[in-house]
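# Results of the structural survey
What follows is each chain in one-letter form.
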Amino acid sequence: MSTIRLQTNQHQLIANVRHAFTPNSMLGELLQNARRAQASHIQVVADGNTLIVSDNGTGIADLQTLIFIAESGWDPALKERENAFGLGVLSTLYFAKHLSVHSGNHAFHAATATIIRGDAIEVYPTRSHTGTEIRLDGVQSPIPALTLQEWVGGQLGRLCEAFPVRVSLNGVDIDRPLVDADLPWRQTSVGQVLLDLGADP
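Described in the following lines is the structure provided in the data block.

## Let's talk about the overall build of the protein
Counting its secondary structure elements, the protein contains 5 helices and 8 strands. The N-to-C order of helical and strand elements in the protein reads α-α-β-β-α-β-α-β-α-β-β-β-β. By the burial criterion, 36% of the 201 residues in the protein qualify as buried. Of all intrachain contacts in the protein linking residues separated by at least 6 positions in sequence, the fraction that spans at least 24 positions is 53%.

## Considerations on the packing of helix α2 (residues 23-36) against helix α5 (residues 148-159)
Packing of α2 against α5 leaves a shortest axis separation of 11 Å and a crossing angle of 60°. Classified by the angle their axes make, α2 and α5 are oblique. For the pair α2 and α5, the crossing hand works out as right-handed. Here P23, N24, L27, G28 and L31 of α2 come into contact with α5, specifically with W151, V152, Q155, L156, R158 and L159. Here the residues of the contact of α2 with α5 are counted per class, giving 7 nonpolar, 3 polar and 1 charged.

## Focus: the pattern of salt bridges
With the rule as written, the count across this model stands at 3 salt bridges. Between D119 and R117 there is a salt bridge whose closest N-O contact spans 2.8 Å. The class for R117 is partly exposed, based on a relative accessible area of 46%. Measuring nitrogen to oxygen at the nearest pair gives 3.0 Å for the salt bridge that ties D173 to R166. Accessibility expressed as a relative area gives 38% for R166, which makes it partly exposed.

## Notes on unusual backbone geometry
For residues other than glycine, phi is negative in most cases, and the peptide bonds are mostly trans. Unusually for a residue other than glycine, Q38 sits at a positive phi of about 65°. Tracing the chain through its elements places Q38 in the loop between α2 and β1 (41-47). Here N170, not a glycine, exhibits a phi torsion of approximately 50°, which is positive. Mapped onto the secondary structure, N170 falls in the loop between β5 (166-169) and β6 (172-173). Assessed through its relative accessible area of 32%, N170 is described here as partly exposed.

## Some thoughts on the environment of L66
Looking at the element boundaries, L66 is found in the loop between β2 (50-55) and α3 (76-82). Look at L66 and you get buried, because its relative accessible area is 10%. When the C-alpha positions of L66 and V101 are compared, they lie 9.4 Å apart, and in sequence the two are 35 residues distant. In this structure L66 touches I60, V89, L90, V101 and F108, once residues within four positions along its chain are discounted.

## A look at the environment of A15
If you trace the backbone, A15 turns up in helix α1 (residues 10-17). Sequence separation between A15 and Y94 is 79 residues, and the spatial gap between their C-alpha atoms is 9.2 Å.

The rules we used
- Residues numbered from 1 in each chain as written.
- Predicted model: local features only at pLDDT ≥ 70, side-chain atom pairs only at ≥ 80, totals over all residues.
- Heavy atoms only, no water.
- Helix = DSSP H or I, 4+ residues; strand = E, 2+ residues; numbered from the N terminus.
- Buried < 20%, exposed > 50% of the residue type's maximum accessible area, 1.4 Å probe, protein only.
- Contact = heavy atoms within 4.5 Å.
- Axes fitted to C-alpha atoms, helices over the stretch in contact; angles between N-to-C directions.
- Parallel < 35°, antiparallel > 145°, perpendicular 65-115°, else oblique.
- Left-handed = near helix turned anticlockwise from the far one by under 90°.
- Nonpolar A, V, L, I, M, F, W, Y, C, P; charged D, E, K, R; others polar.
- Salt bridge = Lys/Arg side-chain N within 4 Å of Asp/Glu carboxyl O.

Printed below as a string of structure tokens:
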């Protein structure tokens, strides 16, 4: 009698993971990671083909967790509460040509194709940095008629309407109209909802 067991083609899996992401979800994942790191301000810079997302959160103790499929590095309570699967920064690999990360007093940078291939990436000590800075080079706007800055601005406007952390783009704060404490949010079994009961049916 023979036996079989679940196996994985690692390289094919990594290649196929790209289909789980869109440029829109990539930006949302980066914001959520900064929020989970208890950041009070997320600064986004879009310039030419470069996108930088930096925060003043707790930082990343082990940079390996950024490129470790299905291992997020978050504490068990947060993983259970938010289903943090450990795919956030991986989403960036499919939409940029180069990734640089600086958190605390260590950093790495590499071509995204090199990371996807599974090559060893050197993590090196560097000047201390509060929070985490993720820099993506070679990013294209998914909408050819818009510059990267215009596209990012539109996405942040949508993503940040109720986002609990201050976010700025190129030094200008993104409006967050739904974080007003005076709004009549209602607690339900599926979370908080905002209903305008006085609106025209």
